[in-house]
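Each chain is listed here by its residues.
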Amino acid sequence: NAGVTQTPKFQVLKTGQSMTLQCAQDMNHNSMYWYRQDPGMGLRLIYYSASEGTTDKGEVPNGYNVSRLNKREFSLRLESAAPSQTSVYFCASSEEFKRGEKLFFGSGTQLSVL
Amino acid sequence: AQTVTQSQPEMSVQEAETVTLSCTYDTSENNYYLFWYKQPPSRQMILVIRQEAYKQQNATENRFSVNFQKAAKSFSLKISDSQLGDTAMYFCAFTEWGSQGNLIFGKGTKLSVKP
């Protein structure tokens, strides 16, 4: 099993460009999440999808959009990238949307916005 | 607001020795979960151990154990018989019962295990 797969692993954008980060999981999990990690910080939740067909905002949703394409895939889109969005982005999934559920993480996408 | 504080930005330990990483948190809730996640140089976050606040017994996973002090809002991680592969960033995280699944992370402790 690959677990949670994110693409790309690295990306450099210019201010104002758009891009989509892809995430897929092969564990038949219902819930998926997007986090960002900034230097010297823990992870912060951007958006989540409790189940297929639903998405909700997390702690830091501004400047992002998400799509739960199907049960396996959950993408994160930056419509007009800004330098403040330079970060490492992690996708995660869990079996159910319950408190205390174990999260499985991808290996991250390092994004630089110049 | 809920916060998680890890007061040790960096720590080091000799191989085979024991090390304890500190974590405190702030909440007014009675029901919640606490976690320690490991992030090795590969960057992928891996769950090390989980504690349910309503359980008084401290969680253990092989060489990893926690000291959960609910009244003090403290949740420290003890790593016994440290191995080189334990070298990583360690993040303490917390989620309340009614938080809609949002994990609150601390800033992390960088642990180096020296041969």
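Heads up: these notes are all about the structure in this document. (Residues numbered from 1 in each chain as written. Chains lettered and ligands numbered in written order. Predicted model: local features only at pLDDT ≥ 70, side-chain atom pairs only at ≥ 80, totals over all residues. Heavy atoms only, no water.)

## Here we look at the pairing of strand E5 (residues 32–39) of chain B
Looking along a regular strand, one sees the side chains alternate between the two faces of the sheet.
All names here are of chain B.
So, point 1. Most of E5 sits inside the fold, with eight of its eight residues counted as buried.
So, point 2. Of the two faces of E5, both are covered, the one formed by Tyr32, Leu34, Trp36 and Lys38 as well as the one formed by Tyr33, Phe35, Tyr37 and Gln39.
So, point 3. Pairing between E5 and strand E10 (residues 88–96): eight bridges, direction antiparallel. Within the sheet, the bridge partner assigned to Tyr33 lies in E10 and is Thr95. (Buried < 20%, exposed > 50% of the residue type's maximum accessible area, 1.4 Å probe, protein only. Helix = DSSP H or I, 4+ residues; strand = E, 2+ residues; numbered from the N terminus. Pairing = 2+ DSSP bridges.)

## Some details on the packing of aromatic side chains
So, point 1. Per the stated rule, a full pass over the model turns up 14 aromatic pairs over all chains.
So, point 2. Relative to Phe105 of chain A, the ring of Phe90 of chain A has its centre 6.4 Å away and its plane inclined at 85 degrees; by these criteria the two rings are edge-to-face. Taken together, the residues span a long stretch of sequence, with Phe90 of chain A in strand E9 (residues 87–94) and Phe105 of chain A in strand E10 (residues 104–105) at a distance of 15 residues.
So, point 3. Between Trp36 of chain B and Phe75 of chain B, the aromatic rings sit 6.3 Å apart at their centres with planes inclined by 20 degrees, giving stacked as the arrangement. Here Trp36 of chain B is found in strand E5, whereas its partner Phe75 of chain B is found in strand E9 (residues 74–79), with 39 residues between them in sequence. (Phe/Tyr/Trp six-rings, centres within 6.5 Å; stacked < 30°, edge-to-face > 60°.)

## Observations concerning the interface of chain B and chain A
So, point 1. The partner chain A presents 26 residues to the 23 residues of chain B that form the contact.
So, point 2. A combined buried area of about 1,900 Å² lies between chain B and chain A, and 53% of that area is made up of carbon and sulfur atoms.
So, point 3. The tally of links from chain B across to chain A stands at zero salt bridges.
So, point 4. Taken together, chain B and chain A are joined by seven residue pairs in polar contact (both at pLDDT 80 or more).
So, point 5. Where the side of chain B that touches chain A is concerned, the elements lending two or more residues are E5, strand E6 (46–52) and E10 of chain B.
So, point 6. Here the element with the most residues in the side of chain B that touches chain A is E5 of chain B; it accounts for four residues.
So, point 7. Of the residues that constitute the side of chain B that touches chain A, the class distribution is nine nonpolar, ten polar and four charged. (Contact = heavy atoms within 4.5 Å. Buried area = accessible area lost by both parts, 1.4 Å probe. Salt bridge = Lys/Arg side-chain N within 4 Å of Asp/Glu carboxyl O. Polar contact = N/O pair within 3.5 Å; in protein donor to acceptor, adjacent residues only side chain to side chain. Nonpolar A, V, L, I, M, F, W, Y, C, P; charged D, E, K, R; others polar.)

## Focus on the state of the cysteines
All names here are of chain A.
So, point 1. Using the criterion set out here, one finds two disulfides over all chains in the structure.
So, point 2. The disulfide partner of Cys23 is Cys91, and the gap between their sulfur atoms is 1.9 Å. Classification of the bridge connecting Cys23 and Cys91 rests on its S-S torsion, roughly -75 degrees, and on that basis the disulfide is left-handed. Within this pair, whereas Cys23 is found in strand E3 (residues 19–25), its partner Cys91 is found in strand E9, the two being separated by 68 residues in sequence. Residue Cys23 shares its accessibility class with Cys91, and that shared class is buried. (Disulfide = S-S within 2.5 Å.)

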